[in-house]
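What follows is each chain in one-letter form.
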Amino acid sequence: MVDAESFINLITPFMDDMSFQVDDQIRGEFPWKDWMVTTRINMVEHCKTAWRAIQCHQSQLATLGTLAEMPEDSAASVLAMQGTFYGAFSLVNGGRMVETDLFAGLKL
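(A) A look at the overall build of the protein chain. The secondary structure content of the protein chain amounts to 3 helices and 4 strands. Reading the protein chain from its N terminus to its C terminus gives the helix and strand order α-β-β-β-α-α-β. By its C-alpha atoms, the protein chain is 45 × 40 × 25 Å across when sized along the principal axes. Split into buried and exposed, the 108 residues of the protein chain put 23% on the buried side. Accessible area for the protein chain stands at about 8000 Å²; split by element, carbon and sulfur atoms hold 58% of it. On the protein chain, the mean spot of the 7 positive side-chain charges and the mean spot of the 14 negative ones are 11 Å from each other.

Okay, here's the thing in structure tokens:
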């Protein structure tokens, strides 16, 4: 899973600092260019449930900044922008199109 640049650009103004220290290095968000995303999964039907689950973790909500205060419908719309992935290898289309199924092309 990767965070697309369009998603990060949308949420950054509402978030607190997204960097953190690991050993002697500062690490942070590394957005992927939208053209680098190879797969987008439609997660809309699960986003309200996901938002309710996120709200159960009160101790972690501070890291979301003002996003934590969003109404459920708005938060679900933001969450729906996730579901972006980078496939290192595809047997489906060779990278010419954005895929919508992580398991496309696999035979059972």
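(B) View of the pattern of salt bridges. If you walk through the whole model with that rule in mind, you get 4 salt bridges. Residue Arg 40 is joined to Asp 34 by a salt bridge in which the shortest nitrogen-to-oxygen separation is 3.9 Å. Classification of Arg 40 by relative accessible area gives partly exposed; the value is 33%.

(C) Structural view of a nonpolar patch on the surface. Taken together, the side chains of Leu 102, Phe 103 and Leu 106 define a hydrophobic patch exposed on the protein surface, amounting to about 340 Å² of accessible area. Looking at the secondary structure, you find Leu 102 in the segment after β4 (84-85).

(D) Looking closely at the side chain of Thr 39. Examined against the element boundaries, Thr 39 turns out to sit in strand β3 (residues 39-40). Overall, Thr 39 belongs to the buried group, its relative accessible area being 5%. Looking at Thr 39, its side chain comes within polar contact range of the side chain of Thr 38, at 3.4 Å.

(E) Structural detail: the confidence of the model for the protein chain. Model confidence for the protein chain is summarised by a mean pLDDT of 85, while 98% of its residues fall at 70 or above. When mean pLDDT is taken per element in the protein chain, strand β2 (residues 25-27) scores highest with 92 and β4 scores lowest with 86.

Cut-offs and rules
Residues numbered from 1 in each chain as written. Predicted model: local features only at pLDDT ≥ 70, side-chain atom pairs only at ≥ 80, totals over all residues. Heavy atoms only, no water. Helix = DSSP H or I, 4+ residues; strand = E, 2+ residues; numbered from the N terminus. Buried < 20%, exposed > 50% of the residue type's maximum accessible area, 1.4 Å probe, protein only. Areas by Shrake-Rupley, 256 points an atom, 1.4 Å probe, with all protein chains shown as cover. Lys, Arg positive; Asp, Glu negative; His and termini not counted. Charge placed at Lys NZ, Arg CZ, Asp CG, Glu CD. Salt bridge = Lys/Arg side-chain N within 4 Å of Asp/Glu carboxyl O. Patch = residues over 30% accessible without salt bridge, like charges linked within 9 Å, V, L, I, M, F, W, Y side chains within 5 Å. Polar contact = N/O pair within 3.5 Å; in protein donor to acceptor, adjacent residues only side chain to side chain. pLDDT = per-residue confidence, 0-100.

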